[in-house]
Amino acid sequence: MIKVENLVKTYGSIVASNNLNCHFEKGKITVILGGSGSGKSTLLRQITGLEKPDSGAVHFDGLDLTCTDKKSLYEKRKKMGMLFQGSALFNYLNIFENIAFPLREHTRIADNVIKTIVTMKLEMVGLRGTEHLMPSQLSGGMTKRVGLARAIVMDPKVIFYDEPTSGLDPISTGVIDKLIRDLNRKLNITSIVVSHDIESCFRIADKVIILFYGDIIAEGTVEEIKTSEDLKVQQFIKGEPEGPIPFTRTDKNYVEDLLLE
Amino acid sequence: MDMAASLGQVTIRRIQILGRSGIFLFVSFIQVFTPPVRVHRLIKEIEFIGSKSFLIVFVTALFTGMVLGLQGHHTLTQFGAEALLGSAVALSIIRELGPVLCALMVTGRAGSAITAEIGIMKITDQFPALEMMAIDPLKYVISPKILAGIISLPLLTAFFDLVGISGGFLVGVKLLGVNEGAYFGKMISAVTFSDIYGGILKSLSFGVLIAWISCFMGFFAQPTTEGVSKATTQSVVLTSLSILVVDYILTSLLL
Ligand SMILES: Nc1ncnc2c1ncn2[C@@H]1O[C@H](COP(=O)(O)OP(=O)(O)OP(=O)(O)O)[C@@H](O)[C@H]1O
Ligand SMILES: [Mg+2]
């Protein structure tokens, strides 16, 4: 469904994507794992065509998104839904209008039908009754669920989730996990989830890709990842502070850094 | 050598920004006329830029007209020419003060708010969100603002002119006793069509300028809170200065 080839993206001296190759299968849930700043969001932005890579290609449904014109890109986008890391709700619209927004823009559905659809989506994320509130009146976890409701309102074929469960309580996390799985299993929606939540990842993933500062260091099913011999992978999934993955990003010796001004 | 290089670098960056802002304006302007045209967005923006500026423009115009009446009367009586007060007030307001002061007030009120609004939309990922819904952010957010600026400013300026002249009338005729017939009679014979036309042209240009700079500064602000607050200040300063410079250029062309 989606295939990434030789993707390179740098920001100044930071290499956010270092020659990435991977593909995302139709009807599967692929989870991209990685620490903070490992280039997960950047990869997602490139797959969706929001950002152009320095070089490389992204094939989506037979179209190279990196060198297509805006019209066909927008045509493809109508099949995509995305949940942003910060939800990205429109702050001048209330919850109802936020979710109804894509319907109002792209369809001519009557108001009462829109109301039914929005109510159904809100029920799915457990937020029925918040229609008239503004995004600023919701908690972080709630805005995330509204963002998810908005992402699925057009019934997309592919959904991208940027950290859907970060900042959520365990029950909400469970609900979102179940929702991602249900959408995938029942409606056969291809899902690409960016996350650093290992437990939730293992619950939902068909395939896991682990990123480490712009490189893919592991790729496979949950079983394969769990039994991987790679020390970095083991350190990451066990969350150990000591190991081959350094906590700080500089190579300079700490003591020297402290003593030598 | 180093200095020359860094000077060149700064120049190139400036020209790049200029080019980028030009493209930005051009694309948003073209988008105004490509379907679908979102009338409700336009009306909302006109309400924000235009109708919400009414009070501030009213107060500015009233006091500007009144002080012109006072100053004009003071000066003109020294030559025994207070009958000319009407034309003096009307000409200075219609040609200069109306368009310029009105634009400066709208910059302070709406321009800064536009930059902040767009900057906040940017740091909260609302533009990529629009993109992901297959909606062009330039068309959806920016174009209506630019069109609203073009529509609102001439109307506000006309309103400013009216109130300003009434302010002069209030002080000159009602307070200081200039003959009412002379105030309006001399005004009608002194103000020509080209004065009015020039005023409208100026206000149109200022409308574009305000919407353009405020939107551009917000859209390309550094995506941080400091970036947005910096962009807001810069946008007000830059717009105000541009208004004064463009005013000079237009005046020299029109005279
Ligand atoms: N627009 C940008 N300009 C400059 N650097 C950027 C930009 N976007 C990302 N980066 C850098 O690229 C690297 C990867 O960023 P990215 O946002 O993809 O990380 P992430 O894996 O999503 O992290 P997190 O889990 O914290 O969201 C980071 O070092 C970041 O500083
Ligand atoms: Mg991220």
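Residues numbered from 1 in each chain as written. Chains lettered and ligands numbered in written order. Predicted model: local features only at pLDDT ≥ 70, side-chain atom pairs only at ≥ 80, totals over all residues. Heavy atoms only, no water.

### Considerations on helix α7 (residues 180–190) of chain B
All names here are of chain B.
For step 1, the next point in the chain: Within α7, the full set of buried residues consists of A182, Y183 and M187. One side of α7 holds all its buried residues, which, seen down the axis, span an arc of 120°. Facing away from the buried side of α7, by more than 90 degrees, are the exposed residues I188 and S189.
For step 2, the next point in the chain: Where the residues of α7 are buried, they touch α4 (85–123) and α6 (137–175).
For step 3, the next point in the chain: Here α7 starts with a cap whose side-chain oxygen sits 2.8 Å from the backbone nitrogen of G181, and that cap is N179. (Buried < 20%, exposed > 50% of the residue type's maximum accessible area, 1.4 Å probe, protein only. Helix = DSSP H or I, 4+ residues; strand = E, 2+ residues; numbered from the N terminus. Arc of directions from axis to C-beta. Contact = heavy atoms within 4.5 Å. Polar contact = N/O pair within 3.5 Å; in protein donor to acceptor, adjacent residues only side chain to side chain.)

### Some thoughts on the site of ligand 1
All names here are of chain A.
For step 1, the next point in the chain: Not every one of the 16 residues close to ligand 1 is listed here, only the nearest: S36, G37, K40, S41 and T42.
For step 2, the next point in the chain: Between ligand 1 and E163, the relevant distance is 2.9 Å, taken from an oxygen atom to a side-chain nitrogen or oxygen of the residue.
For step 3, the next point in the chain: Across the complex, the protein chains shield 66% of the 630 Å² of accessible surface that ligand 1 would expose by itself.
For step 4, the next point in the chain: If you list the elements that add at least two residues to the shell around ligand 1, you get β2 (14–24) and α1 (40–47).
For step 5, the next point in the chain: Broken down by element, the residue count for the shell around ligand 1 peaks at four residues, all from α1. (Near = heavy atom within 4 Å. Areas by Shrake-Rupley, 256 points an atom, 1.4 Å probe, with all protein chains shown as cover.)

### Let's talk about the nonpolar core
For step 1, the next point in the chain: Judged by nonpolar contacts, the single largest core of 57 residues is most densely connected at F101(A), I118(B), L130(B), V141(B), I142(B) and Y183(B).
For step 2, the next point in the chain: When residues of this core are traced back to their parent elements, those giving at least two are α1 (2–33), α2 (39–49), α3 (54–78), α4, α5 (126–132), α6, α7 and α8 (193–219) of chain B.
For step 3, the next point in the chain: When neighbours within four sequence positions are excluded, I118(B) is seen to be in contact with F127(B), V141(B), I142(B), K145(B), C215(B), G218(B) and F219(B).
For step 4, the next point in the chain: In terms of nonpolar packing, the next biggest core, distinct from the first, is built from 43 residues, A100(A), A149(A), C201(A) and I210(A) among them. (Core = buried A, V, L, I, M, F, W, Y, C linked by side-chain atoms within 4.5 Å.)

### Quick word on the side chain of S200(A)
For step 1, the next point in the chain: Mapped onto the elements, S200(A) comes out in helix α7 (residues 198–204).
For step 2, the next point in the chain: Here S200(A) is in contact with T165(A), T173(A) and D177(A), once residues within four sequence places are set aside.

### Digging into the confidence of the model for chain B
For step 1, the next point in the chain: Chain-level pLDDT for chain B is 90 on average; 100% of the residues reach the 70-or-more range.
For step 2, the next point in the chain: On the interface metric, ipTM, the complex scores 0.86, and its pTM is 0.85. (pLDDT = per-residue confidence, 0-100.)

### Looking at the pairing of strand β7 (residues 158–162) of chain A
All names here are of chain A.
For step 1, the next point in the chain: Counting buried positions over the five residues of β7 gives five, a clear majority of the element.
For step 2, the next point in the chain: Side-chain alternation along β7 places V158, F160 and D162 on one buried face and I159 and Y161 on a second face that is also buried.
For step 3, the next point in the chain: Strand direction decides the pairing type here: strand β6 (residues 80–83) and β7, joined by four bridges, are parallel. By the bridge assignment, M82 is partnered in β7 with F160.
For step 4, the next point in the chain: With respect to chirality, the unit in which β7 leads through helix α6 (residues 170–187) into the neighbouring parallel strand β8 (residues 190–195) is right-handed. (Pairing = 2+ DSSP bridges. Right-handed = clockwise from strand over helix to strand, strands pointing away.)

### Topic: the packing of α1(B) against α8(B)
Residues and elements named next belong to chain B.
For step 1, the next point in the chain: Contact pair α1 / α8: the axes reach a minimum separation of 10 Å and the direction vectors enclose 115°. Considering their axes alone, α1 and α8 lie roughly perpendicular with respect to each other. In this structure, α1 meets α8 at a crossing whose hand is right-handed. Mapping the contact onto sequence places I17, R20, S21, G22, F24 and L25 in α1 and V208, W212, C215, F216 and F219 in α8.
For step 2, the next point in the chain: Across the contact of α1 with α8, the residue classes tally to eight nonpolar, two polar and one charged. (Axes fitted to C-alpha atoms, helices over the stretch in contact; angles between N-to-C directions. Parallel < 35°, antiparallel > 145°, perpendicular 65-115°, else oblique. Left-handed = near helix turned anticlockwise from the far one by under 90°. Nonpolar A, V, L, I, M, F, W, Y, C, P; charged D, E, K, R; others polar.)

### Let's talk about the interface of chain A and chain B
For step 1, the next point in the chain: Taken together, the contact between chain A and chain B spans 20 residues of the former and 19 residues of the latter.
For step 2, the next point in the chain: Summed over both sides, the interface between chain A and chain B buries roughly 1,700 Å², with carbon and sulfur atoms accounting for 62% of that surface.
For step 3, the next point in the chain: Applying the counting criterion to the chain A and chain B interface returns three salt bridges.
For step 4, the next point in the chain: With a closest N to O distance of 3.0 Å, E131(B) and R77(A) form a salt bridge.
For step 5, the next point in the chain: Along the contact surface separating chain A from chain B lie five residue pairs in polar contact (both at pLDDT 80 or more).
For step 6, the next point in the chain: Elements with a minimum of two residues in the side of chain A that touches chain B: α2 (70–77), β6 and α3 (95–106) of chain A.
For step 7, the next point in the chain: Among the elements that line the side of chain A that touches chain B, the one with the most residues is α3(A), at four residues.
For step 8, the next point in the chain: Along the lines of polarity and charge, the residues of the side of chain A that touches chain B split into twelve nonpolar, three polar and five charged. (Buried area = accessible area lost by both parts, 1.4 Å probe. Salt bridge = Lys/Arg side-chain N within 4 Å of Asp/Glu carboxyl O.)

### Examining the packing of aromatic side chains
Residues and elements named next belong to chain B.
For step 1, the next point in the chain: A full pass over the atoms with the stated rule returns 13 aromatic pairs over all chains.
For step 2, the next point in the chain: Ring plane angle 45° and centroid distance 4.9 Å describe the contact between F216 and F220, whose orientation is recorded as tilted.
For step 3, the next point in the chain: Seen from their ring centres, F219 and F220 are 5.4 Å apart, and the 70° between their planes marks the pair as edge-to-face.
For step 4, the next point in the chain: Residue classification places F219 among the buried positions, given a relative accessible area of 18%.
For step 5, the next point in the chain: Sitting over the face of the ring of F220, R20 holds its NZ or CZ atom 4.4 Å from the ring centroid.
For step 6, the next point in the chain: When the ring centre of F48 is taken as reference, the NZ or CZ atom of R109 above it lies at 5.0 Å. (Phe/Tyr/Trp six-rings, centres within 6.5 Å; stacked < 30°, edge-to-face > 60°. Lys NZ or Arg CZ within 6 Å of the ring centre and 35° of its normal.)

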